[in-house]
Amino acid sequence: MKLLYILYQIFIALPILLVVTILTCATIIIGCSIGNAHFWSYWPGKIWSILFCYVLLLPVKVKRNPNVKKDTSYVFVANHQGAFDIFLLYGFLGRNFKWMMKSGIKKIPFVGFACKMSKQIFVGRNENTVKTYNLARKTLAGGTSMVVFPEGSRTYDGKMI
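What counts, and at which threshold
For every chain, the first residue of the written sequence is number 1, and numbering continues from 1 along that sequence. Owing to the predicted nature of the model, reporting of local features is limited to residues with pLDDT of at least 70; listing and counting of side-chain atom pairs is limited to 80 or more, with chain, interface and lining totals taken over all residues. Side-chain descriptors were evaluated using all non-hydrogen atoms of the structure, hydrogens and water having been removed beforehand. Helix numbering and strand numbering both begin at the N terminus, where a helix is a DSSP run of H or I of at least 4 residues and a strand a DSSP run of E of at least 2. Contact criterion: two residues are considered in contact whenever any of their non-hydrogen atoms come within 4.5 Å of each other. Helix axes use the C-alpha atoms of the stretch in contact, all axes being lines fitted to C-alpha atoms, and the angles between their N-to-C directions lie in the range 0 to 180 degrees. For classification, angles of less than 35 degrees are called roughly parallel, those exceeding 145 degrees roughly antiparallel, those between 65 and 115 degrees roughly perpendicular, and all remaining angles oblique. Definitions for this section: a left-handed crossing has its near helix turned counterclockwise from the far helix by less than a right angle. A right-handed crossing has that turn clockwise. Residue polarity follows a fixed list, in which Ala, Val, Leu, Ile, Met, Phe, Trp, Tyr, Cys and Pro are nonpolar, Asp, Glu, Lys and Arg are charged, and the others, Gly among them, are polar. Whenever a nitrogen or oxygen atom comes within 3.5 Å of another N or O atom, the pair is scored as a polar contact, on the condition that within protein one atom can donate a hydrogen and the other can accept it, and that pairs from neighbouring residues in sequence are kept only if both atoms are in side chains.

Draft legend 1. Structural context of the side chain of Thr 139. Mapped onto the fold, Thr 139 is located in helix α6 (residues 129-141). Apart from residues lying up to four places away in sequence, Thr 139 is in contact with Lys 98, Ile 121, Thr 144, Ser 145 and Met 146.

Next comes the structure, spelled out in structure tokens:
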């Protein structure tokens, strides 16, 4: 059964998800160019993330905190234990938010440009720290939440550095 799932991932899911990722990035880039980046920076990515989980046959059960208010911006902090953290947060958090992400993401074809166009917040050695802080503060003051992975990246053994 495990071998069958691996073959499914390689020959069926991977091609579908590559195409869906490129189409999602193109939608974000075009949508943000036209206007209403608040909408275009969130909804295509949300749909992309949900599709990712469904195509990979991953069941997701969401338990929401009743104390989270709809009209309040939050900073959601999560451990970056695996690659699926991104899909779970984007697809199932249920909040429009901006990512605070490492600047190395800018180098990923399509994805980097889509993140730039959708005004995600980049953090890195080459980024101006004061500018980054002010962008984050402005985002929160404008009513949009943020998602941050404080440890920055994952390790191969799952232990934080």
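Next comes the rest of the write-up.
Draft legend 2. Representation of the packing of helix α3 (residues 43-55) against helix α4 (residues 84-92) in the model. The interhelical angle for the contact between α3 and α4, taken along N-to-C directions, is 125°, at an axis separation of 7 Å. Taken together, the axes of α3 and α4 are oblique relative to one another. The handedness of the crossing between α3 and α4 comes out as left-handed. Within the contact between the two elements, α3 uses Gly 45, Lys 46, Trp 48, Ser 49, Ile 50, Phe 52 and Cys 53 and α4 uses Ile 86, Phe 87, Leu 88, Tyr 90, Gly 91 and Phe 92. By residue class, the composition of the contact of α3 with α4 is 9 nonpolar, 3 polar and 1 charged.

Draft legend 3. View of the environment of Asn 128. Tracing the sequence through the fold places Asn 128 in the loop between β3 (121-123) and α6. Sequence separation between Asn 128 and Cys 115 is 13 residues, and the spatial gap between their C-alpha atoms is 17 Å. One polar contact links the side chain of Asn 128 to the main-chain amide nitrogen of Lys 131, over a distance of 3.1 Å.

Draft legend 4. Broad picture of the packing of helix α1 (residues 2-34) against α3. Where α1 meets α3, the axes come as close as 10 Å, and the angle between the chain directions of the two elements is 175°. In terms of orientation, α1 lies roughly antiparallel with respect to α3. Residues Tyr 8, Ala 13, Ile 16, Leu 17, Val 20, Thr 21, Thr 24, Thr 27 and Ile 28 of α1 form the contact with α3, whose own contacting residues are Pro 44, Gly 45, Trp 48, Leu 51, Phe 52 and Val 55. Grouping the constituent residues of the contact of α1 with α3 by class yields 11 nonpolar, 4 polar and no charged.

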